[in-house]
Amino acid sequence: MVSGGLEVGEKGMGYQDEPELLQEVKPRILDPETPNGAVLGSDPEVRLTWRRWVIVFLFSSYSFCNAFQWIQYGSINLIFAYFYDVTPFTIDWLSVCYMIIYIPFLFPVAWLLDKKGLRLIALVGSALNCLGAWVKVGSMQPHLFPVTVVGQVICSLAQVFILGMPSRIASVWFGSREVSSACSIAVFGNQLGIAVGFLLPPVLVPNVQDKEKLAYHIRTMFLLTASVASALFILVIFVFREKPQYPPSRAQALIHTAESEENAYLRSIGRLFRNVNFVLLVASYGLNAGCFYALSTLLNRMVILHYPGEDLNAGRIGLTLVVAGMVGALISGIWLDRTKTYKQTTLLVYIMSFVGMGVYTFTLDLGYIWVVFVTAGALGFFMTGYLPLGFEYAAELTYPESEGTSSGLLNVSAQIFGIVFTISQGRIIDHFGTRAGNLFLCAFLFVGTIITVFIKADLRRQNANLDSEQTRLQGNNNQIMNYGVCALFPSFPNPPQ
């Protein structure tokens, strides 16, 4: 170094320091923006991936298969009762067992979902669904009714690994502007399975008196189901992924960066039960979904009572009920993504479910089966369309709690009410007729409507997305101002001595 020269960073004589204001506003060098608009080094990167559509449609497919196996007995109740030489009420229990099994296994499975993630739950659920379908194939003799019960119980256990997934898949894989639509698509598969479960069994298993021919037709249906379940299980093994590389929304990014201890499972459950709005939603959702489960299970019996010999049309009415609900679910999901009016939409759909149930009740016995098609379709549009609404409303009210836990509690409520309503309505129909049984459901839908009125629209997930976006925009504005000030008052290099 030359003697008398300036040291590195030393200012020459006669040089005046920059004013403090300019020193403070000197711009900070940032990393370039990412293609999706997130700034590295400030917020976590947010991206959407095409694989999200593969994941949601694959889940929807094996959920379809499991839902089909739930209703395949109920849609031809009297045929199975004749084949296995049991009462129709006994066959009803093959549907009710889906609801019973769910309740004790919810919390262990929700804990697994919270700790181990989506892929493990998807693998176990699709594997159990496949195993149960193959067990049923071995029950093709009238004395093997216990074997078909075992197969149905295994499928019921698979359902525990399926029902709580839609809102979790939507949140983990989809952006804030499509999360409600994604949840509707995930629920869509379950509803489509119920619809096909109403339509296909009466076609594949005709009402014949020869039990050998009946065994052949039932075996054909069970083999087709088992083959589809096996193919879907293989696809889940090779295609289903845990989560995308980057979070799809800022709300999900905040969850990724939060400490794991904060969302400990037991603490999360405690917070959920202290959330009054969520508790009210659990009650109202359970009442609506429980009515749907009872109506779906007993629909075949009710139609046949008033329209003897209309087995095929009974299945088609069930199909109409569920397909209309699928349309309602998709429309409500798109509507929520556009408007975010959770409270208003949920209340309107609930009121229309109550009105639709009343109209269906008083037109079922008019003697015109086309009227039953129309009223069942209108009822299904709102009652079945409510199911994904409840999942998404719960995710909003309980953010940042696990969607698997919140939706699981909704489903427990639905299963409990479904068991009570199915057994009670079945007994009421046997002793007092279908109108009394349907009025029983109307009364509880009215109670659910009243409860929905008192739910406050505390949209926490939406607020988290808005707050994060506003923070990001404010940071960008500050950076622009900083660069603008420095352009007006540039800092020059130190002058030589």
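Residues numbered from 1 in each chain as written. Predicted model: local features only at pLDDT ≥ 70, side-chain atom pairs only at ≥ 80, totals over all residues. Heavy atoms only, no water.

1. Remarks on the nonpolar core
Inside soluble globular proteins, nonpolar side chains tend to come together where they are buried.
Working step 1: One finds F80, M165, I169, F222, F240, M357 and Y360 to be the most contacted residues of the largest nonpolar core, which totals 128 residues.
Working step 2: If you tally residues by element for this core, the top one is helix α12 (residues 276–306), at 16 residues.
Working step 3: Those residues in contact with M165, other than ones at most four positions away along the chain, are F59, Y62, L113, L118, I121, A122 and F240. (Core = buried A, V, L, I, M, F, W, Y, C linked by side-chain atoms within 4.5 Å. Buried < 20%, exposed > 50% of the residue type's maximum accessible area, 1.4 Å probe, protein only. Helix = DSSP H or I, 4+ residues; strand = E, 2+ residues; numbered from the N terminus. Contact = heavy atoms within 4.5 Å.)

2. Overview of helix α15 (residues 369–383)
Working step 1: A rise of 1.5 Å per residue sets the reference length of α15, with its 15 residues, at 21 Å; its end C-alpha atoms lie 21 Å apart and thus fit the reference within 8%.
Working step 2: Within α15, the full set of buried residues consists of I369, V371, V372, T375, A376, G377, L379, G380 and M383.
Working step 3: Contacts made by the buried residues of α15 are with α12, α13 (311–339), α14 (342–363), α16 (386–398) and α18 (434–453). (Expected span 1.5 Å × (residues − 1).)

3. Overview of the packing of α12 against helix α17 (residues 403–432)
Working step 1: At their nearest, the axes of α12 and α17 sit 6 Å apart, and the two run at 40 degrees to each other. Seen along the crossing, α12 lies across α17 with a hand that is right-handed.
Working step 2: A per-class count over the contact of α12 with α17 returns 20 nonpolar, 11 polar and two charged. (Axes fitted to C-alpha atoms, helices over the stretch in contact; angles between N-to-C directions. Left-handed = near helix turned anticlockwise from the far one by under 90°. Nonpolar A, V, L, I, M, F, W, Y, C, P; charged D, E, K, R; others polar.)

4. Focus on unusual backbone geometry
Working step 1: The phi dihedral of D85 is positive, around 60 degrees, even though this residue is not glycine.
Working step 2: Inspection of the secondary structure puts D85 in the loop between α3 (77–84) and α4 (88–116).
Working step 3: Looking at D85, the relative accessible area reads 66%, which means it is exposed.
Working step 4: At K340, a position not held by glycine, the phi torsion is positive, near 60 degrees.
Working step 5: Looking at the element boundaries, K340 is found in the loop between α13 and α14.
Working step 6: Under the relative-accessibility criterion, K340 is labelled buried at 16%.

5. Notes on α12
Along an α-helix, a turn takes 3.6 residues, which lines up residues three or four apart on a common side.
Working step 1: For α12, with 31 residues, the first-to-last C-alpha span of 43 Å sits near the 45 Å given by 1.5 Å per residue.
Working step 2: Of all the bends in α12, the greatest measures close to 55 degrees and is centred on L298.
Working step 3: With respect to burial, α12 is a largely interior element, 25 of its 31 residues being buried.
Working step 4: Looking at where α12 begins, the residue whose side-chain oxygen comes 3.3 Å from the main-chain nitrogen of N277 is N275. (Bend = angle between axes of the 7 residues up to and from the residue. Polar contact = N/O pair within 3.5 Å; in protein donor to acceptor, adjacent residues only side chain to side chain.)

6. A few points about the confidence of the model for the protein
Working step 1: For the protein, the average pLDDT comes to 82, and 81% of its residues sit at 70 or higher.
Working step 2: By mean pLDDT, the top-scoring element of the protein is helix α5 (residues 118–137) (96), and the lowest-scoring one is helix α1 (residues 20–25) (39).
Working step 3: Low pLDDT, under 50, characterises residues 1–42; the stretch is placed with 44 contacts to residues that sit more than four places away or in other chains. (pLDDT = per-residue confidence, 0-100.)

7. A word on the packing of aromatic side chains
Working step 1: Enumeration according to the criterion identifies 21 aromatic pairs in this entry.
Working step 2: Judged by centre distance (5.0 Å) and plane angle (80 degrees), the ring pair of W53 and F174 falls under edge-to-face. Highlighted residues: W53 in helix α2 (residues 51–71) and F174 in the loop between α7 (166–173) and α8 (179–204), separated in sequence by 121 residues.
Working step 3: Between the aromatic rings of F354 and F446, the centroid separation amounts to 5.6 Å while the plane-to-plane angle is 50 degrees, which identifies the pairing as tilted. Taken as a pair, F354 in helix α14 and F446 in helix α18 lie far apart in primary sequence, 92 residues in all.
Working step 4: What makes F354 partly exposed here is its relative accessible area of 27%.
Working step 5: Looking at F446, the relative accessible area reads 43%, which means it is partly exposed.
Working step 6: Members of the aromatic cluster, connected to one another through ring pairs, are Y73, F80, F83, Y84, F145 and F222. (Phe/Tyr/Trp six-rings, centres within 6.5 Å; stacked < 30°, edge-to-face > 60°.)

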